[in-house]
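# Observations on the three-dimensional arrangement
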Amino acid sequence: MSERTSALDTLVFGVDIQSGDVRGDSPSYALVVYDGEELDRDVVSYRKLRRLIDRDEPTFVATDNMYELAADKNALVHFLGSLPDETRLVQVTGAERPEPLSRVASRHGVPYGKKPMREAEAAARLAAMNVGQVVSAFTDTTRVKVSRGRSTGKGGWSEDRYTRRIHGSVKEHSRTVESELESAGLDYEREVTEKYGGYSNATFDVDARPGDIPVSSRRSGDIRVEIERLRRDGIEFEPLAKRRDHVIVGIDPGTTTAVAMTDLDGTLLDVLSTRTADTADVIEWIIERGRPVIVAADVTPMPETVEKFRRSFDAAGWTPERDLPVDEKQHRTREDGYDNDHQRDAMAAAFFAFDSHEDQFRRIARKVPPGISRGEVTARVVANDESVESVLRDLSDDPEPEAEESEHTVRELSAEEKRIKQLESQVERLQSHTAELNEAVGKKDERIEELETELSDTRRKERQNARERREISRLRRENNRLEDELDDRDDRIEEVEGKLARLKKLWKLDHSNFSDVSEKKAGLVAVKPVAKFTNDAIDAAHESYGLAEGDVIFLRDASGAGRSTAERLADIGPRVVLKAGGISDAADEVLFEYEIPVGPADEVSIQEIDELAVARESEVEAVIDDWHDRAEERQKEEKAEQLDQLISEHRAERRADGRGSSSSFGN
């Protein structure tokens, strides 16, 4: 068993492809169910595997390759989204670049075989030992959406009442959801879409997983509640447990302290550079990530700060024979990224320390049997200069019998007793350091509690500010609308005032003194223009400003009218018709019959403004008088013509009668 903590209270499903392909039809899986003590083995279909996961809700579904459970990335995301809330998919062979399962199993002393059932068992045992990476496609934020459960319809006499009821139901239920979230003490962000009568939808982004939210998905009547976890940008990996393996640490001290950490295979694990962290913070950072076997520097002799770190961990020290040149450090770290020169120097120290001990690490690894921690053996051999054999004997459960000694013999301490004293001294140092760290942790916990309280207050204020900002935005929109209306009214007032000014000018037209116009001395009369002598033009003028009996009507184009159009105008009964251009005989005859005065417009000084026009009363009267004079002459001429016609007809009748009488007398 590895030094990792076994999860004896967890249920693990180890899975491996038995036959077929997940991209094909009906793949089967080797399934090992492991609870820390007992193993159950079975071969199941993909559908049955999904049913068992939903039924038993295992803590881990472990596999050596996550794409044995999904054909592609989209299918993998769908699979992760369908897992129970407390179930995690674990890839025991690593993250983006997984190792062979055989190597991982050998490193942790887990039985391994190439058959699918043995690989499934190895995956289950490794996950139970907290080995592997959790595969994740979703964040810990859950979106709760309350929306309409039915359509608002397409109309009808009761549509408004129906719509108002639905939106009111959505608003009421969203308040219920908000109250439940508040009661559960969950942090959330709310966004609503207001509609007629209430809300069309309300969205809550809650900082919790679906299982921690006291709201469930449902659809009932007017409302629908949907719950979904928010997606990440891609697939992410997270260590199943923080590793505490034995490591090599390179340190570059100074104003900026940099720390680099590799495992005993020379793989870079993590890098830190900081200007603010003190020694205790850096030690805590290292402890969280591993147990140093070697602490290295890139210069010689070892700086006092690095030596202080080495003594804190009772680790072996390493320095180069001479200060490492910059070009060698750049070459050694070329395959690993770093943010600054300090990180590069720390990484180079760790890498060169590994290079110096690589052969020794390999010899130790070949001698360590399965079931015993390679890191523990390596740490004691390197740091304490013990032999591999003595360490293995010490770690085994077969203590050697003690030799009998005389009561009065002063004996020399054995290697084991020396080791015990050394360990006791180390324990004292670590206990002292642990007390310091606990004190620092206590202070940090207090600070975290203060920050969490401050964060909660800040979020509450931010929600209040968000509501205020939305209200301000609404008021600004309303203010802009009212300002637009005010601008339109100002433009209209300006337009009307301009017209009024022009009308005043017309009243003052041809008068040198305004007093001539006052008291109705101006002698002006309103004129109503008609664009053409057609029924449509007459209707348009009547709709615009009304045509009534006694009006002075101005025909801008009098040509083309027939009897019906003239009769339409005559029915209005205008005082006089001023015409521009010639008028047809038929129209003139009708207007004459109705005794509507008609005169040329060019004999009257017409002043126009927009749809309105005025003329001098005297000139209009002159046109009317002139028409009456012409009308009398026309009537006289018509009477004379009628008299001449009667005489002619009478003479014709007499001639006809005379011819008839002569003929009769002759006979």
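This section reports on the structure supplied with the text. (Residues numbered from 1 in each chain as written. Predicted model: local features only at pLDDT ≥ 70, side-chain atom pairs only at ≥ 80, totals over all residues. Heavy atoms only, no water.)

## Things to note about the overall build of the chain
Formally: Only DSSP runs of H or I with at least four residues qualify as helices, and only runs of E with at least two residues qualify as strands; both kinds are numbered from the N terminus onward. Burial classes: relative accessible area under 20% of the type maximum marks a residue as buried, over 50% as exposed, and values in between as partly exposed (1.4 Å probe, protein chains only). Contacts: residue pairs with any heavy atoms within 4.5 Å of one another. Surface exposure here means Shrake-Rupley accessible area, sampled with a 1.4 Å probe, where a residue is shielded only by the protein chains that are shown.
Scanning the chain from terminus to terminus reveals 17 helices and 21 strands. Out of the 667 residues in the chain, the part that is buried amounts to 36%. Nonlocal contacts in the chain, meaning residues at least 24 apart in sequence, comprise 61% of its contacts between residues at least 6 apart. Here the chain displays about 40,000 Å² of accessible surface, and carbon together with sulfur accounts for 45% of that area.

## Let's talk about the sheet that holds strand β11 (residues 246-252)
For clarity, the threshold we go by: Two strands qualify as a pair provided that DSSP identifies no fewer than 2 bridges between them. Every axis corresponds to a line fitted to the C-alpha atoms, with the helix fit spanning only the stretch in contact, and the corresponding angles, defined between N-to-C directions, vary from 0 to 180 degrees.
On the basis of which strands lie adjacent, the open sheet formed by 5 strands has the order β13-β12-β11-β14-β15 and mixed pairing. If you trace the sheet from one side to the other, it starts and ends with β13 (268-274) and β15 (316-318), each paired once. Looking at each pair of strands side by side, their axes are set apart by 25° on average, direction ignored. Pairing analysis gives 3 bridges linking strand β14 (residues 291-296) to β15, with the strands arranged parallel. Directly across from Val295, in β15, lies its bridge partner Gly317. Of the strands in this sheet, β11, β12 (257-263), β13 and β14 are in contact with helix α6 (residues 279-289), which crosses β12 at around 15°. Contacts from helix α9 (residues 341-367) reach β11, β12, β13, β14 and β15 within the one sheet, and its direction differs from that of β11 by about 140°.

## A closer look at the pattern of salt bridges
The test is simple: By salt bridge we mean one thing: a side-chain nitrogen of Lys or Arg within 4 Å of a carboxyl oxygen of Asp or Glu.
All chains considered together, the criterion is met by 47 salt bridges. For Asp270, the salt bridge identified is with Arg289, shortest N-O distance 2.9 Å. Of this pair, Asp270 sits in strand β13 while Arg289 sits in helix α6, and the two are 19 residues apart along the sequence. Residue class for Arg289 comes out partly exposed when judged on its relative accessible area of 27%.

## Focus: the pairing of strand β17 (residues 552-555)
Our working definition: Handedness rule for crossovers: strands pointing away from the viewer, path from the first strand over the helix to the second running clockwise, crossover right-handed.
Here β17 shows two buried faces, one formed by Val552 and Phe554 and the other by Ile553 and Leu555. Taken together, the 4 bridges between strand β16 (residues 524-530) and β17 define a ladder with parallel strand orientation. Of the residues in β17, the one forming a bridge with Val530 is Leu555. Between the parallel pair β16 and β17, the chain is carried across by helix α14 (residues 535-545), and the sense of this crossover is right-handed. Pairing analysis gives 4 bridges linking β17 to strand β18 (residues 576-579), with the strands arranged parallel. Bridge pairing links Phe554 to Leu578 in β18. The parallel pair β17 and β18 is bridged by helix α15 (residues 563-572), and the resulting crossover is right-handed.

## Describing the packing of aromatic side chains
Condition: Ring geometry is summarised as follows: Phe, Tyr and Trp rings, the Trp one being its six-membered ring, pair when their centres sit within 6.5 Å, and such pairs are stacked at plane angles under 30 degrees, edge-to-face over 60 and tilted between the two.
Counted under the stated rule, the structure contains 4 aromatic pairs. A ring pair is formed by Tyr188 and Phe204, whose centres lie 5.9 Å apart and whose planes are at 65°; its orientation type is edge-to-face. Of the two residues, Tyr188 sits in strand β7 (residues 188-195) while Phe204 sits in strand β8 (residues 198-206), which places them 16 residues apart along the sequence. As far as burial versus exposure is concerned, Tyr188 and Phe204 are alike and both buried. Each ring, one from Phe354 and one from Phe361, has its centre 6.2 Å from the other, and the planes form 40°; the classification is tilted. Residue class for Phe361 comes out buried when judged on its relative accessible area of 3%.

## A short note on the nonpolar core
How we decide: Side-chain atoms within 4.5 Å are what join buried Ala, Val, Leu, Ile, Met, Phe, Trp, Tyr and Cys residues into a set we call a nonpolar core.
Core analysis: the biggest nonpolar cluster contains 25 residues, and Leu80 and Leu89 have the highest contact counts within it. Of all the elements in the fold, those that place two or more residues in this core are β1 (12-19), β2 (28-34), α1 (46-56), α2 (73-82) and β6 (133-148). The leading source of residues in this core is α2, at 4 residues.

## Considerations on the packing of α9 against helix α10 (residues 374-384)
Short version of the rule: For classification, angles of less than 35 degrees are called roughly parallel, those exceeding 145 degrees roughly antiparallel, those between 65 and 115 degrees roughly perpendicular, and all remaining angles oblique. For any helix crossing, the convention is left-handed if the near helix is rotated counterclockwise from the far helix by under a right angle, and right-handed if that rotation is clockwise. Put simply, Ala, Val, Leu, Ile, Met, Phe, Trp, Tyr, Cys and Pro go in the nonpolar bin, Asp, Glu, Lys and Arg in the charged bin, and everything else, Gly too, in the polar bin.
One can describe the packing of α9 onto α10 by two numbers: an axis separation of 10 Å at closest approach and a directional angle of 130°. Considered as vectors, α9 and α10 are oriented oblique to each other. Considering the relative orientation of α9 and α10, their crossing is right-handed. Here His357, Gln360, Phe361, Ile364 and Ala365 of α9 come into contact with α10, specifically with Arg374, Val377, Thr378, Val381 and Val382. Within the contact of α9 with α10, the residues separate by chemical class into 6 nonpolar, 3 polar and 1 charged.

## Some points on the environment of Tyr46
Among the secondary structure elements, Tyr46 is positioned in helix α1. Note on Tyr46: relative accessible area 25%, which makes it partly exposed. In sequence terms Tyr46 and Ile17 are 29 residues apart; their C-alpha atoms lie 9.8 Å from each other. When neighbours within four sequence positions are excluded, Tyr46 is seen to be in contact with Pro27, Tyr29, Leu69 and Phe79.

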